[in-house]
Amino acid sequence: MPSTKEIRGKIRSVQNTRKITKAMQMVAASKMRKAQDRMFQARPYADKLRNIIAHLASSNASYQHPFLAKRAQETGQVALILVTTDKGLAGALNTNIQRHVLQKMQSLYKDGKKLSVTAVGNKAIAFCSHMRLEITSQVAQLGDRPHLERLLGAIRAQLDAYSEGKVDVVYLAYTRFVNAMKQEPVIEQLLPLPSEKLKSLGEKPREFSWDYLYEPDAQTVLDELLKRYVETLIYQAVAENMASEQSARMVAMKAASDNAKKLIDELQLVYNKTRQAGITKEITEIVGGAAAVS
């Protein structure tokens, strides 16, 4: 049985750990509110833009943008933009999205596809290196606020490859924020825009597609609109992932603090029992010694 001094040392160590996890929980809760505000502010714009692009994909325009056109001849190359966190201590957040990516990889490899990845976040870079995936571009250390200008440099490599016909499909993998207790890993097709996107947006199926009048011309409008579309989806994905990260970290740190408190209570009970046993032993020795003298 450990001595009372050793038990006191363990109690102090766990108490110090609990102070750290408690502080991290409070910091994550504060950052989570700010991240949620940014995410909720960006959602209406992103949803409306997706709606417009989904209708444009099914319209009969005189100009067909490369981002909306399906490949006549496939190259067998698929691109994936993987968004993860830079730091750990966020529970199973990164593990869940990586598990979904592994399942998607197995499906693609079974169909004879090749995969290239754009890694956003240190955990994505480490995952791709561990799995020996081809990394086309990468970006990390984004901080607590997403900056579009830093993201576009890494993302443009995949977009240019798609425009040049080197890539057939571009997927986007990230963690969608549902609430503070639930985060959902998502892998969605970014390019070309799938026709079933209207269903996911809550649109009723139409017998006829929409038609548009373009000013000054269809090419100018679509080029600018599709550029905004891709930028918005990537920014929204990173904002969702950051809100999910802070929520998952807050929950993980709360669980760690609660477990530390339980461990302290258990150690305190062991300490009291050990101390009581020591006192009882000393009293027994004194009584025994007195009885022997008398």
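Structure: see above.
Just so we're clear, the structure is a prediction, and the values are computed from it rather than from any experiment. (Residues numbered from 1 in each chain as written. Predicted model: local features only at pLDDT ≥ 70, side-chain atom pairs only at ≥ 80, totals over all residues. Heavy atoms only, no water.)

Looking now at helix 3 (residues 122–131). Among the residues of helix 3, Ala124, Ile125, Phe127 and Cys128 are the ones counted as buried. Seen end-on, helix 3 carries its buried residues on one side only, within an arc spanning 165°. Looking at the buried residues of helix 3, the elements they touch are strand 1 (77–83), helix 2 (93–110), strand 2 (114–120) and strand 3 (134–139). At the C-terminal side of helix 3, Arg132 shows a positive phi close to 60°. (Buried < 20%, exposed > 50% of the residue type's maximum accessible area, 1.4 Å probe, protein only. Helix = DSSP H or I, 4+ residues; strand = E, 2+ residues; numbered from the N terminus. Arc of directions from axis to C-beta. Contact = heavy atoms within 4.5 Å.)

Together, Ile279, Ile283 and Val287 make up an exposed nonpolar region whose accessible area comes to about 260 Å². Tracing the backbone through its elements, the reader meets Ile279 in helix 6 (residues 218–293). (Patch = residues over 30% accessible without salt bridge, like charges linked within 9 Å, V, L, I, M, F, W, Y side chains within 5 Å. Areas by Shrake-Rupley, 256 points an atom, 1.4 Å probe, with all protein chains shown as cover. Salt bridge = Lys/Arg side-chain N within 4 Å of Asp/Glu carboxyl O.)

A word on the sheet that holds strand 4 (residues 169–179). The sheet built from five strands is open, its strands ordered 3-2-1-4-5 with mixed pairing. Looking at the sheet topology across the chains shown, the edges are occupied by strand 3 and strand 5 (182–191). Going across the sheet, the axis of each strand differs from the next one's by a mean of 20°, ignoring polarity. Of the strand pairs in this sheet, strand 1 and strand 4 are connected by five bridges, and their pairing is parallel. Of the residues in strand 4, the one forming a bridge with Ile81 is Leu172. Against the sheet, helix 2 makes contact with strand 1, strand 2, strand 4 and strand 5, and its axis sits at roughly 35° relative to strand 5, the strand it touches most. (Pairing = 2+ DSSP bridges. Axes fitted to C-alpha atoms, helices over the stretch in contact; angles between N-to-C directions.)

Ile53, Val170, Leu190, Leu191 and Tyr229 are the most contacted members of the largest nonpolar core, which totals 37 residues. Going through the elements one at a time, helix 1 (4–58), strand 1, helix 4 (148–163), strand 4, strand 5 and helix 6 are the ones with two or more residues in this core. Aside from chain neighbours lying at most four places away, what touches Leu191 is Phe67, Leu159, Tyr162, Asp168, Val169, Val170, Tyr229 and Val230. One finds Leu108, Ala119, Cys128 and Leu133 within the second-largest nonpolar core, a separate group that totals 19 residues. (Core = buried A, V, L, I, M, F, W, Y, C linked by side-chain atoms within 4.5 Å.)

Quick look at the pairing of strand 3 now. Pairing analysis gives five bridges linking strand 2 to strand 3, with the strands arranged parallel. Each residue of the ladder has a partner; that of Ser116, found in strand 3, is Glu134. A crossover links strand 2 with its parallel partner strand 3, the connecting element being helix 3, and its sense is right-handed. (Right-handed = clockwise from strand over helix to strand, strands pointing away.)

Attention now goes to the environment of Gln77. With respect to the secondary-structure elements, Gln77 resides in strand 1. Here the alpha-carbon distance between Gln77 and Val117, two residues 40 residues apart in the chain, equals 11 Å. Setting aside its immediate chain neighbours within four residues, Gln77 contacts Lys114, Leu115, Ser116, Glu134, Lys166, Val167, Asp168 and Val169.

Attention now moves to the pattern of salt bridges. Inspection of the entire model under this criterion finds nine salt bridges. Measuring nitrogen to oxygen at the nearest pair gives 3.4 Å for the salt bridge that ties Arg228 to Glu224. In this pair, Arg228 and Glu224 are both assigned in helix 6, four residues apart and thus about one turn of the helix distant. You can call Arg228 partly exposed: its relative accessible area is 40%. A single network of salt bridges, built from pairs that share partners, joins Glu224, Arg228 and Glu231.

Limitation: the analysis is restricted to geometry and does not speak to function.
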